[in-house]
Amino acid sequence: MGEEAARCQFRHERLPGYQCLHPAKFEQPGTGKVCVFHWAPEEEAGKKQKTEVFNERFAKLVEESENPPHHKAIENAAEERRKRRPENEQKENFLDCRGFVFPAGSSFFNGRKVPPIDLSFATFGERASFRWAAFGGGASFDRATFGDRASFFEATFGERASFDGATFGEGASFGGARFGERASFDGATFGGGAWFGGATFGEGASFDEATFGEGASFERTKFLGSASFFKATAKGRLTFSGELNPSAPGGPHRVFPASENAAINFEWMTLEQPERVLFHSVDLQRAFFLYTDISNLNFVDVTWPQDERGNIVFLGRCEPKEACGYEPPRSSTAFKWLELQCQQLKLNYETKRNYAEAGDFHWAEMEYRRRRHWMNKERLSAVMLDAYKFLSGFGERIPRAAAVLLVSLLLAVFLQGRFGVFHAPKWVRPPGEAACVREDDRPFRILQDPPLIEDPCVDESAPWYEAYYQAGKFTLQDVTFQRPEEHAPASPFGRGLSLFMRLFFPIQVGLLLVAIKRRFRR
């Protein structure tokens, strides 16, 4: 009974069944007697006493975990602790520091090699320091609370570094830190000035549902694999920027990888001040922003996903599998999401007067709309969009619009010269006379075989290029709505072609002018 009374009486509502095995020596109002690790004094004298006792006892606790004494009594005690731990509560082989209260300015971990440790629900005062610490075997800070200016500068984490639900005060710093696979900050809350500058994350870094205060920064940060900011919230300035200087430490990089196996998830983010969110010198080929309003974000020197022809082509959306992977869009809803995403980026670049980039996203927007209409079997609008794409690349491709215009003119000249146009003299053959009459001795041809008696005369000696010259002259006058004085279609085909070109030519010229205006407008 006395042994039970001497045991720490710390309890936490999120740790049902938790039992601290350290001796209780300090009175904690509202709790009872607790150990030095769970003692949270409010008066200055108590804080000073805790600092003196805590550091010594914690150093001994860590030392025992790293070099456990090998005698029977200690082994029996360790076995008893393992039996008393609630199932699935404590991480196996982790130093159990759940709920510990660390004094302000704690720097015990600085430069140390830290064994696998569980600091879930721990509380750290201001200026808690983990600078250059090496957490090689895993570390859990789930739902831990940090005061202002907590520092993990150049700390090293192996796999399973977890800060899920942790709360950081102002100025939390992870500058230069290195994380292994599956680093997790899901649901974490950062005060202003959170700094991840120069940090490196392995595969599977996650900030899902995290909240960033004013001035969060990922400058010169490297993500070596997939990363997720799903449903994250940024209350103020948020920066992602790469390093393009080849002489900089670590060389140039663009924050996010372009690896085919990577997926960068910015879906469903809440950006309270989107005009203060910056992506600078980053690679977004594997990123997606579905359901995130990105129309006012700042994108500078960004690499977007493109196909082999240089067209913007987003890869789809992230599917919730074991590892976030891209699933090509196969539904009308998916195409609608991507269409909206491209529309927002188009408006974003138009607002900043970057019309060339805006045109690229307009092309992608229309392409996803075209594919969506075909999927929904809206055939009329789909065919019209097909024609719009073919004739001018949705009004964005100047070379295509010019090429279609030129080819259509050349084709019309060829067809008219071969099947439709002849030189129409002002003098006609007098009735009953067989001789043909030419005006000013110029050649004329009718391209029908054999010629009928009522047809115009045929000049067999006229060279072939003369026919195409006359056809070209007629076509140019015809499409520019000038009245051809010397030429006329000689067949129903020629007359039909003439009517088609009168309709098609001004439309294509208009599409070319639209493409030029969109590309060079100021």
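Residues numbered from 1 in each chain as written. Predicted model: local features only at pLDDT ≥ 70, side-chain atom pairs only at ≥ 80, totals over all residues. Heavy atoms only, no water.

**Quick word on the overall build of the protein chain**
Counting its regular elements, the protein chain contains 9 helices and 31 strands. By residue count, 48% of the 522 residues in the protein chain fall in the buried class. (Helix = DSSP H or I, 4+ residues; strand = E, 2+ residues; numbered from the N terminus. Buried < 20%, exposed > 50% of the residue type's maximum accessible area, 1.4 Å probe, protein only.)

**Examining helix 4 (residues 332-351)**
End to end, helix 4 covers 29 Å across 20 residues, agreeing with the expected 28 Å (1.5 Å per residue, within 8%). Arginine 353 sits one or two residues past helix 4 and shows a positive phi near 60 degrees. (Expected span 1.5 Å × (residues − 1).)

**Here's the deal with the pattern of salt bridges**
Enumeration according to the criterion identifies 16 salt bridges in this entry. Put simply, arginine 149 and glutamate 126 hold a salt bridge, and the shortest N to O gap is 3.7 Å. Here arginine 149, found in the loop between strand 10 (145-146) and strand 11 (156-157), pairs with glutamate 126, found in the loop between strand 7 (123-124) and strand 8 (134-135); they are 23 residues apart in sequence, far enough to count as distant. By relative accessible area, which is 46% here, arginine 149 ends up partly exposed. Taking the relative accessible area as the measure of exposure, glutamate 126 reaches 36% and is therefore partly exposed. Aspartate 360 is paired through a salt bridge with arginine 397; the nearest N and O atoms lie 4.0 Å apart. Pair noted here: aspartate 360 is in helix 5 (residues 355-375) and arginine 397 is in the loop between helix 6 (379-392) and helix 7 (398-420), with a separation of 37 residues, a long-range link. The exposure class of aspartate 360 is buried, given its relative accessible area of 17%. One continuous salt-bridge network, built from bridges that share partners, spans Glu339, Lys346, Glu365, Arg369 and Arg372. (Salt bridge = Lys/Arg side-chain N within 4 Å of Asp/Glu carboxyl O.)

**Notes on the side chain of glutamate 367**
Here glutamate 367 lies in helix 5. For glutamate 367, the side chain forms a polar contact with the side chain of lysine 389, separated by 3.1 Å. Among all residues touching glutamate 367, those that are not within four sequence positions of it are Lys389 and Phe394. (Polar contact = N/O pair within 3.5 Å; in protein donor to acceptor, adjacent residues only side chain to side chain. Contact = heavy atoms within 4.5 Å.)

**Points about the pairing of strand 22 (residues 238-241)**
Side-chain alternation along strand 22 places Leu238 and Phe240 on one buried face and Thr239 and Ser241 on a second face that is also buried. Here strand 18 (residues 216-219) pairs with strand 22 via 4 bridges, running parallel. Looking at the pairing, serine 217 lines up with threonine 239 of strand 22. (Pairing = 2+ DSSP bridges.)

**Points about a nonpolar patch on the surface**
Residues Leu513, Ile516 and Phe520 make up a contiguous nonpolar surface patch of roughly 300 Å² in combined accessible area. If you trace the backbone, phenylalanine 520 turns up in helix 9 (residues 492-520). Using a relative accessible area of 52% as the deciding quantity, one classes phenylalanine 520 as exposed. (Patch = residues over 30% accessible without salt bridge, like charges linked within 9 Å, V, L, I, M, F, W, Y side chains within 5 Å. Areas by Shrake-Rupley, 256 points an atom, 1.4 Å probe, with all protein chains shown as cover.)

**A word on the side chain of histidine 362**
Summarising the element assignment, histidine 362 is placed in helix 5. Looking at histidine 362, its side chain comes within polar contact range of the side chain of glutamate 396, at 2.9 Å.

**Examining the packing of aromatic side chains**
Inspection of every chain in the model, using the stated rule, returns 88 aromatic pairs. Aromatic pair tryptophan 363 and phenylalanine 394: ring centres 5.9 Å apart, planes at 70 degrees, arrangement edge-to-face. Highlighted residues: tryptophan 363 in helix 5 and phenylalanine 394 in the loop between helix 6 and helix 7, separated in sequence by 31 residues. Like phenylalanine 394, tryptophan 363 is buried. With a centroid separation of 5.5 Å and 10 degrees between ring planes, the pair formed by phenylalanine 500 and phenylalanine 504 is classed as stacked. One end of the pair is phenylalanine 500 and the other is phenylalanine 504, both in helix 9 and 4 residues apart, which spans about a single turn. The class for phenylalanine 500 is partly exposed, based on a relative accessible area of 47%. (Phe/Tyr/Trp six-rings, centres within 6.5 Å; stacked < 30°, edge-to-face > 60°.)

**Here's the deal with the nonpolar core**
With 103 residues, the main nonpolar core has Phe58 and Phe141 as its most contacted residues. When contributions to this core are tallied by element, the ones reaching two or more residues are helix 2 (44-66), strand 18, strand 22, strand 25 (277-280), strand 26 (287-288), helix 4 and helix 5. Look past the residues within four positions of phenylalanine 141 in its chain and what remains in contact with it is Leu119, Ser120, Phe124, Phe130, Phe135, Phe146, Phe152, Phe157, Ser162, Phe163, Asp164 and Ala166. Counting 16 residues, the second largest nonpolar core, distinct from the first, contains Ala412, Met501, Phe504 and Leu511. (Core = buried A, V, L, I, M, F, W, Y, C linked by side-chain atoms within 4.5 Å.)

**Brief notes about the sheet that holds strand 3 (residues 95-96)**
Taken together, the 4 strands give an open sheet; going across it, the order is 3-6-9-12, and neighbouring strands pair in parallel fashion. The sheet terminates laterally at strand 3 and strand 12 (161-162), the two strands that pair on one side only. Sheet topology note: the strand 9 (residues 139-140)/strand 12 ladder contains 2 bridges and is parallel. Within the sheet, the bridge partner assigned to serine 140 lies in strand 12 and is serine 162.

**Digging into the confidence of the model for the protein chain**
Confidence along the protein chain averages 82 in pLDDT terms, with 79% of residues attaining 70 or more. Low pLDDT (under 50) marks residues 70-78, which in the prediction has 1 contact with non-local residues, meaning those over four places away or in another chain. Across residues 84-90, confidence stays below pLDDT 50; counting only partners more than four residues off in sequence or on other chains, it has 14 contacts. (pLDDT = per-residue confidence, 0-100.)

**Quick notes on the environment of alanine 194**
The topology assignment puts alanine 194 in the loop between strand 14 (189-190) and strand 15 (200-201). For alanine 194, a relative accessible area of 1% translates into the label buried. With residues near it in sequence (within four places) discarded, alanine 194 still touches Ala172, Gly215, Ala216 and Ser217.

**Notes on helix 5**
Each full turn of the α-helix corresponds to 3.6 residues, which orients residues three or four apart in the same direction. The first and last C-alpha atoms of helix 5 sit 30 Å apart over 21 residues, in line with the 30 Å expected at 1.5 Å per residue. Taking burial as the measure, the 21 residues of helix 5 include 15 buried ones, the bulk of the element. Positive phi shows up at lysine 377, right after helix 5, with a value of about 60 degrees.

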